[in-house]
Amino acid sequence: MSNVFTPQTYHHLCDQLASTDAQLAAVIDNHGYSQFWNRSNTFETLVHVILEQQVSLASALSALNKLKEKVQEITPARVLLLTDEELKACYFSRQKTTYVRYLAEAILSGQLDLAELENLPDEEVRKKLTSLKGIGNWTVDIYLLMVLHRNDIFPIGDLAVVNAMKRLKQLPVSTTKEELLLMADHWRPYRSIAAMLLWHYYLSGMRI
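Residues numbered from 1 in each chain as written. Predicted model: local features only at pLDDT ≥ 70, side-chain atom pairs only at ≥ 80, totals over all residues. Heavy atoms only, no water.

Peer 1: Give me the lowdown on the overall build of the protein, citing residues and values where you can.
Peer 2: Helices and strands together make up the secondary structure of the protein, namely 13 helices and zero strands. Ordered by position from N to C terminus, the α and β elements of the protein give α-α-α-α-α-α-α-α-α-α-α-α-α. The globule rule puts the C-alpha radius of gyration for 208 residues at 17 Å, and the 18 Å found for the protein is close to it. Projected onto its principal axes, the C-alpha coordinates of the protein cover approximately 50 × 35 × 30 Å. The buried share of the protein, reckoned over its 208 residues, is 49%. In the protein, once contacts between residues fewer than 6 apart in sequence are set aside, the share between residues at least 24 apart is 66%. Surface summary for the protein: the accessible area is close to 10,600 Å², and the carbon and sulfur share equals 52%. (Helix = DSSP H or I, 4+ residues; strand = E, 2+ residues; numbered from the N terminus. Rg over C-alpha atoms; globule rule 2.2 N^0.38 Å. Buried < 20%, exposed > 50% of the residue type's maximum accessible area, 1.4 Å probe, protein only. Contact = heavy atoms within 4.5 Å. Areas by Shrake-Rupley, 256 points an atom, 1.4 Å probe, with all protein chains shown as cover.)

Given below as structure tokens:
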């Protein structure tokens, strides 16, 4: 698919974007290219992204590792065998226990086929995933960006991206998400690349 970026095209696309945006160019000049974030198209990855909803990346990873310790391989069938208490011991909230079980059932029943998503347009992927309990737009954005590597995804629900953009562009704290999305239009059709560079800027301590 031509609407995806790859490890081979990533630096070239960063340069292309930087040639039209001085602040993104400054991020690359000062901090180098961001890493090529890549996650496999698996149930485990979606569980990981669900765990990352509204918590720190470290605590999400801690819960994922605890689950892995418990079941060895994170598969829908193995997760469904666990009781509420066992999942709670893996640091799963009651809500996330419900979401992950629902996802496991959707995959086992054939309602969701992850391999099929690779060939669907972005909006079709979004429609299929958001029809599942506990999967909203932020989770889909992360999936489209880090798993399917679609070119033009802007995760406006991501606090790190929003804060990095406000800081980099020297915008007032009160700038709305709608205003940020309008500004992000300048990065089309490579908003995913801009998001990767904004994460990189954020993780580098937002220094230029």
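Peer 1: Describe the packing of helix H1 (residues 7-18) against helix H13 (residues 191-203), and please don't skip the residues or the numbers.
Peer 2: For the pair H1 and H13, the least separation of the axes is 10 Å and the interaxial angle reads 90°. The pairing of H1 with H13 is recorded here as roughly perpendicular in orientation. For the pair H1 and H13, the contacting residues are Tyr10, Leu13, Cys14 and Leu17 in the first and Ile193, Ala194, Met196 and Leu197 in the second. Counted by class, the contact of H1 with H13 contains eight nonpolar, no polar and no charged residues. (Axes fitted to C-alpha atoms, helices over the stretch in contact; angles between N-to-C directions. Parallel < 35°, antiparallel > 145°, perpendicular 65-115°, else oblique. Nonpolar A, V, L, I, M, F, W, Y, C, P; charged D, E, K, R; others polar.)

Peer 1: Give a detailed account of the pattern of salt bridges, specifying residues and quantitative values.
Peer 2: Opposite charge on two side chains permits pairing when their charged atoms draw close. Per the counting criterion, the structure on display carries twelve salt bridges. Here Glu69 ties to Lys66 by a salt bridge, and the two come within 3.9 Å at their closest N and O atoms. Here Lys66 and Glu69 lie together in helix H4 (residues 57-71), a separation of three residues that amounts to about one turn. For Lys70, the salt bridge identified is with Glu86, shortest N-O distance 3.4 Å. Residue Lys70 is found in helix H4, and its partner Glu86 is found in helix H6 (residues 84-89); the two are separated by 16 residues along the sequence. Overlapping salt bridges bring together Asp152, Asp185, Arg188 and Arg191 as one network. (Salt bridge = Lys/Arg side-chain N within 4 Å of Asp/Glu carboxyl O.)

Peer 1: Outline the environment of Cys14, listing residues and values.
Peer 2: Inspection of the secondary structure puts Cys14 in helix H1. Cys14 gets classed as buried once you look at its relative accessible area, which sits at 0%. Setting aside residues no more than four positions away along its own chain, Cys14 makes contact with Ile28, Tyr33, Ile193 and Leu197.

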